[in-house]
Amino acid sequence: MSEQPGHNSQLKAIAERIEHIEVEIKDLQEGRKEIYAEAKSHGYDVRALKAAISRRKADANKRAEHEAQVELYMEALASLVRP
(Lines give C-alpha, C1' and ligand atoms only; values in the text may rest on other atoms or scores of the structure.)
Protein backbone atom coordinates (compact mmCIF):
# COMPACT_ATOMS: atom_id res chain seq x y z
CA MET A 1 0.00 0.00 0.00
CA SER A 2 1.33 3.38 -0.86
CA GLU A 3 1.71 6.09 1.77
CA GLN A 4 -0.52 8.69 0.16
CA PRO A 5 -2.21 11.27 2.42
CA GLY A 6 -5.74 10.00 1.73
CA HIS A 7 -4.86 6.42 2.58
CA ASN A 8 -3.91 7.12 6.20
CA SER A 9 -7.15 8.95 6.93
CA GLN A 10 -9.14 6.25 5.16
CA LEU A 11 -7.38 3.53 7.15
CA LYS A 12 -8.00 5.42 10.38
CA ALA A 13 -11.71 5.79 9.52
CA ILE A 14 -12.00 2.07 8.79
CA ALA A 15 -10.25 1.16 12.06
CA GLU A 16 -12.55 3.49 14.02
CA ARG A 17 -15.64 1.96 12.41
CA ILE A 18 -14.45 -1.53 13.31
CA GLU A 19 -13.77 -0.45 16.89
CA HIS A 20 -17.24 1.10 17.11
CA ILE A 21 -18.85 -2.11 15.86
CA GLU A 22 -16.83 -4.16 18.36
CA VAL A 23 -18.18 -2.02 21.21
CA GLU A 24 -21.73 -2.45 19.89
CA ILE A 25 -21.26 -6.23 19.67
CA LYS A 26 -19.96 -6.33 23.24
CA ASP A 27 -22.98 -4.32 24.43
CA LEU A 28 -25.38 -6.60 22.54
CA GLN A 29 -23.73 -9.70 24.00
CA GLU A 30 -24.10 -8.23 27.48
CA GLY A 31 -27.75 -7.50 26.74
CA ARG A 32 -28.29 -11.10 25.62
CA LYS A 33 -26.65 -12.32 28.83
CA GLU A 34 -29.01 -10.15 30.88
CA ILE A 35 -32.05 -11.48 28.99
CA TYR A 36 -31.02 -15.08 29.67
CA ALA A 37 -30.52 -14.20 33.36
CA GLU A 38 -34.02 -12.70 33.38
CA ALA A 39 -35.44 -15.84 31.76
CA LYS A 40 -33.70 -17.96 34.39
CA SER A 41 -35.07 -15.80 37.20
CA HIS A 42 -38.58 -16.45 35.83
CA GLY A 43 -37.96 -20.20 36.03
CA TYR A 44 -37.19 -20.92 32.39
CA ASP A 45 -34.57 -23.50 31.49
CA VAL A 46 -31.94 -21.38 29.74
CA ARG A 47 -30.32 -24.36 28.05
CA ALA A 48 -33.65 -25.38 26.51
CA LEU A 49 -34.37 -21.78 25.55
CA LYS A 50 -31.02 -21.53 23.75
CA ALA A 51 -31.75 -24.79 21.91
CA ALA A 52 -35.20 -23.53 20.88
CA ILE A 53 -33.74 -20.26 19.59
CA SER A 54 -31.06 -22.15 17.69
CA ARG A 55 -33.72 -24.33 16.06
CA ARG A 56 -35.80 -21.31 15.10
CA LYS A 57 -32.79 -19.82 13.30
CA ALA A 58 -32.12 -22.98 11.30
CA ASP A 59 -33.51 -23.55 7.83
CA ALA A 60 -36.78 -25.51 8.15
CA ASN A 61 -35.67 -28.28 5.76
CA LYS A 62 -32.26 -28.70 7.37
CA ARG A 63 -33.85 -28.68 10.81
CA ALA A 64 -36.33 -31.39 9.79
CA GLU A 65 -33.52 -33.50 8.32
CA HIS A 66 -31.43 -33.07 11.47
CA GLU A 67 -34.32 -33.92 13.79
CA ALA A 68 -35.17 -37.01 11.71
CA GLN A 69 -31.54 -38.13 11.93
CA VAL A 70 -31.49 -37.58 15.70
CA GLU A 71 -34.73 -39.55 16.05
CA LEU A 72 -33.25 -42.39 13.99
CA TYR A 73 -30.19 -42.48 16.24
CA MET A 74 -32.36 -42.39 19.37
CA GLU A 75 -34.36 -45.38 18.11
CA ALA A 76 -31.15 -47.28 17.35
CA LEU A 77 -29.72 -46.46 20.77
CA ALA A 78 -32.95 -47.37 22.58
CA SER A 79 -32.15 -51.05 22.12
CA LEU A 80 -28.87 -50.62 23.99
CA VAL A 81 -28.83 -50.92 27.76
CA ARG A 82 -27.65 -47.81 29.57
CA PRO A 83 -25.02 -48.40 32.25
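For the structure itself, consult the block above.
Nothing here was measured: the structure is a model prediction, and the numbers come from that model. Starting afresh in each chain, residues are numbered from 1 along the sequence in its written order. Whole-chain, interface and lining totals are the exception, using all residues; otherwise, since this is a predicted model, local features are given only for residues with pLDDT of at least 70 and side-chain atom pairs are given and counted only at 80 or more. Note: side-chain values were computed over all heavy atoms of the structure, leaving out hydrogens and water.

Our next topic: the overall build of the chain. Under the DSSP-based scheme used, a helix requires at least four consecutive residues in state H or I and a strand at least two consecutive residues in state E, with every element numbered from the N terminus. Scanning the chain for helices and strands turns up three helices and zero strands. Beginning at the N terminus, the succession of helices and strands in the chain can be written as α-α-α. Note on method: radius of gyration uses C-alpha positions; expected globular size equals 2.2 Å times residues raised to 0.38. At 23 Å, the chain has a C-alpha radius of gyration far larger than the 12 Å of a compact globule built from 83 residues. The buried label goes to any residue with under 20% of its type's maximum accessible area, the exposed label to any with over 50%, and the partly exposed label to all in between, with areas taken from a 1.4 Å probe on protein chains only. In the chain, which comprises 83 residues, the share counted as buried stands at 4%.

The next point concerns a negative patch on the surface. A surface patch of negative charge is lined by Glu24, Asp27, Glu30 and Glu34. Tracing the backbone shows glutamate 30 in helix H1 (residues 5–41). The class for glutamate 30 is partly exposed, based on a relative accessible area of 38%. Patch members must show over 30% relative accessible area and no salt bridge, and they are joined within 9 Å when carrying like charges or within 5 Å when they are nonpolar side chains of Val, Leu, Ile, Met, Phe, Trp or Tyr. Every accessible area reported is derived by Shrake-Rupley at a probe size of 1.4 Å, with residue values counting cover from the shown protein chains alone. Any Lys or Arg side-chain nitrogen found within 4 Å of a carboxyl oxygen on Asp or Glu counts as a salt bridge. Only four residue types enter the tally: Lys and Arg on the positive side, Asp and Glu on the negative side; His and the chain ends are excluded. Charged side chains are reduced to one point each, which is NZ for Lys, CZ for Arg, CG for Asp and CD for Glu.

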